[in-house]
Amino acid sequence: MGFPVTVVLGASGRIGRVLRHCWPRTASMAGAEIRWQSRQPLPPQPGATAANLLDPLADSQGLAQLCAGAEVVLCLAGSIPGRGSDLADNSRLACAAVQAAAAQARDCGTPAARVLLSSSAAVYGNQPGICGAVRPPHPANAYGAAKLEMEQKALALGQQLGVPVTALRIGNIAGLDAILGGWQPGFCLDQFADGRSPRRSYIGPVTLARVLAALVARPKLPPVLNLAQPGALEMAALLRAAGHAFAWRPAPAAAIAEVTLELTPLQKLLQDGVLSPALDAADALQMVAEWADLEPAFTAKTPLPIDPSPHKEKPR
């Protein structure tokens, strides 16, 4: 069985650019039909087809046509804080993907494409202990609340329309975060009373691409799934591994010391899957190496946005 016909919404975003760089170089995906969607033209990428230019929120018919015959819709499109966009677009885009999958199933007389949504560990907020998918979410900021609303609306709509939906709660992505990717001279990290910096469940960008490919290839996924590498990684360790100097500042009262994701369901899925990438424990040096492999492809054409307040953690 070959890799499923897959529509990727939001190919111009950070995760989308990682996939366009990594997936064509994956031997197990040779010849796979990947339909990339973007609102704007994308730089050519060896092995990747040109993007389909359309606005998912303004062209529902075009989106349904793009999804015709597809087996999976990977929705990476969304909005994040600091770019002047409406966080409610996360829900609108997710629901548009579900509706397009339902429309193509109705028009083509085929099973509805599975819809995978890019959600975030931010839905858990500031909760002690290990955050599992069965733990009630408790977002601590507007971004986490918007992602949780997206999950709830899309899952309910999918159940109503007969479309399988999975929300992928992704941890911090090394290089696509405000720490490794947003570093600049004068960078500051929060320091807690125990002397440590914030600790998060992280995943390397190349590992993320491999894991997403494996999940797309799975015929069935649970409604909610955490996605990261095992273990919590200190942000200070990541900067030290990259050789980036930083200063400390006392952590404000609202700062979140640790977010660690429960990953047993993900590990079981990867062990049983057609594509079975190794999910090694989070390692700062390995993640820096993965980002070094990808960084030129990002900075050469379209630099990642830099947070003007780098000491403040920003989602993914």
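Residues numbered from 1 in each chain as written. Predicted model: local features only at pLDDT ≥ 70, side-chain atom pairs only at ≥ 80, totals over all residues. Heavy atoms only, no water.

**A few points about the overall build of the protein**
Right, on to step 1. A count of helices and strands for the protein gives eight helices and 14 strands.
Right, on to step 2. Relative to the 2.2 N^0.38 estimate, which gives 20 Å for 316 residues, the radius of gyration of the protein is 19 Å and therefore close to what a compact globule would have.
Right, on to step 3. Across its three principal directions, the C-alpha atoms of the protein cover 60 × 40 × 40 Å.
Right, on to step 4. Relative to its full complement of 316 residues, the protein shows a buried share of 54%.
Right, on to step 5. Summarising the internal contacts of the protein: among those between residues at least 6 apart in sequence, 78% fall at separations of at least 24. (Helix = DSSP H or I, 4+ residues; strand = E, 2+ residues; numbered from the N terminus. Rg over C-alpha atoms; globule rule 2.2 N^0.38 Å. Buried < 20%, exposed > 50% of the residue type's maximum accessible area, 1.4 Å probe, protein only. Contact = heavy atoms within 4.5 Å.)

**As for the side chain of Arg20**
Right, on to step 1. With respect to the secondary-structure elements, Arg20 resides in helix H1 (residues 14-22).
Right, on to step 2. Buried charge Arg20 goes without a salt bridge, the closest partner of opposite sign being Glu33 at 13 Å.
Right, on to step 3. Apart from the residues lying within four places of it in its own chain, the contact partners of Arg20 are Ala11, Trp36, Leu42, Pro43, Gln45, Ala48 and Thr49. (Lys, Arg positive; Asp, Glu negative; His and termini not counted. Salt bridge = Lys/Arg side-chain N within 4 Å of Asp/Glu carboxyl O.)

**Considering the pairing of strand E10 (residues 199-203)**
Right, on to step 1. Burial analysis of E10 places five of its five residues in the buried class, which makes it a mostly covered element.
Right, on to step 2. Side chains Arg199, Ser201 and Ile203 project from E10 onto one buried face, and the interleaved Arg200 and Tyr202 project onto a second face that is buried too.
Right, on to step 3. Sheet topology note: the strand E8 (residues 172-173)/E10 ladder contains two bridges and is parallel. Looking at E10, one finds that Asn172 is bridged to Tyr202.
Right, on to step 4. Pairing between E10 and strand E12 (residues 232-234): three bridges, direction antiparallel. If you follow Arg199 over to E12, its bridge partner there is Glu234.
Right, on to step 5. Both E10 and strand E14 (residues 258-261) contribute to a ladder of two bridges, which runs parallel. Bridging across to E14, Arg200 finds its partner in Val259. (Pairing = 2+ DSSP bridges.)

**Remarks on the packing of helix H3 (residues 89-108) against helix H4 (residues 142-161)**
Right, on to step 1. Closest axis-to-axis distance for the H3/H4 pair is 8 Å, and the angle between their directions is 20°. Taken together, the axes of H3 and H4 lie roughly parallel to each other. For the crossing formed where H3 meets H4, the hand is right-handed. In this structure, H3 uses Asn90, Ser91, Ala94, Cys95, Val98, Gln99 and Ala102 to contact H4, whose residues at the interface are Ala146, Lys147, Glu149, Met150, Lys153, Ala154, Leu157, Gly158 and Leu161.
Right, on to step 2. A breakdown of the residues in the contact of H3 with H4 according to their chemical character gives nine nonpolar, four polar and three charged. (Axes fitted to C-alpha atoms, helices over the stretch in contact; angles between N-to-C directions. Parallel < 35°, antiparallel > 145°, perpendicular 65-115°, else oblique. Left-handed = near helix turned anticlockwise from the far one by under 90°. Nonpolar A, V, L, I, M, F, W, Y, C, P; charged D, E, K, R; others polar.)

**As for the confidence of the model for the protein**
Right, on to step 1. Mean pLDDT over the protein stands at 90; residues scoring 70 or higher make up 91%.
Right, on to step 2. Low pLDDT (under 50) marks residues 300-316, which in the prediction has 45 contacts with non-local residues, meaning those over four places away or in another chain. (pLDDT = per-residue confidence, 0-100.)

**Considerations on the sheet that holds strand E2 (residues 34-38)**
Right, on to step 1. Strand order across the open sheet formed by seven strands is E3-E2-E1-E4-E5-E7-E11, with parallel pairing between neighbours. Unpaired on one side and paired on the other, strand E3 (52-53) and strand E11 (224-227) mark the two borders of the sheet.
Right, on to step 2. Sheet topology places strand E7 (residues 165-170) next to E11; four bridges connect them, and they run parallel. When the bridges of E11 are listed, Arg169 appears paired with Asn226.
Right, on to step 3. Most of the contacts of H1 go to E2, to which it runs at about 145°, and overall it touches E2, strand E4 (72-75), strand E5 (114-120) and E7.

**Things to note about the pattern of salt bridges**
Right, on to step 1. Here the structure, examined in full by the defined rule, presents 12 salt bridges.
Right, on to step 2. A salt bridge links Arg25 to Asp293; the shortest N-O distance between them is 3.0 Å. Taken together, the residues Arg25 in the loop between H1 and E2 and Asp293 in helix H8 (residues 284-299) connect sequence positions 268 residues apart.
Right, on to step 3. One salt-bridge network, held together by shared partners, links Asp194, Arg196, Arg199 and Glu258.

**Brief notes about the nonpolar core**
Right, on to step 1. Formed by 68 residues in total, the largest nonpolar core has its most connected members in Ile15, Leu19, Trp23, Trp36, Leu215, Leu227 and Leu266.
Right, on to step 2. For this core, the element with the highest residue contribution is helix H5 (residues 205-217), accounting for 10 residues. (Core = buried A, V, L, I, M, F, W, Y, C linked by side-chain atoms within 4.5 Å.)

**A short note on the environment of Arg114**
Right, on to step 1. Of note, Arg114 is situated in strand E5.
Right, on to step 2. Between the C-alpha atom of Arg114 and that of Leu74, which follows or precedes it by 40 residues, the distance is 8.3 Å.
Right, on to step 3. Leaving out residues up to four positions away in the same chain, Arg114 has contacts with Glu71, Val72, Val73, Pro164, Leu215, Val216, Ala217, Arg218, Pro219 and Leu221.
Right, on to step 4. A distance of 2.7 Å separates a polar side-chain atom of Arg114 from the backbone oxygen of Val216.
Right, on to step 5. From its side chain, Arg114 meets the backbone oxygen of Arg218 in a polar contact 2.7 Å long. (Polar contact = N/O pair within 3.5 Å; in protein donor to acceptor, adjacent residues only side chain to side chain.)

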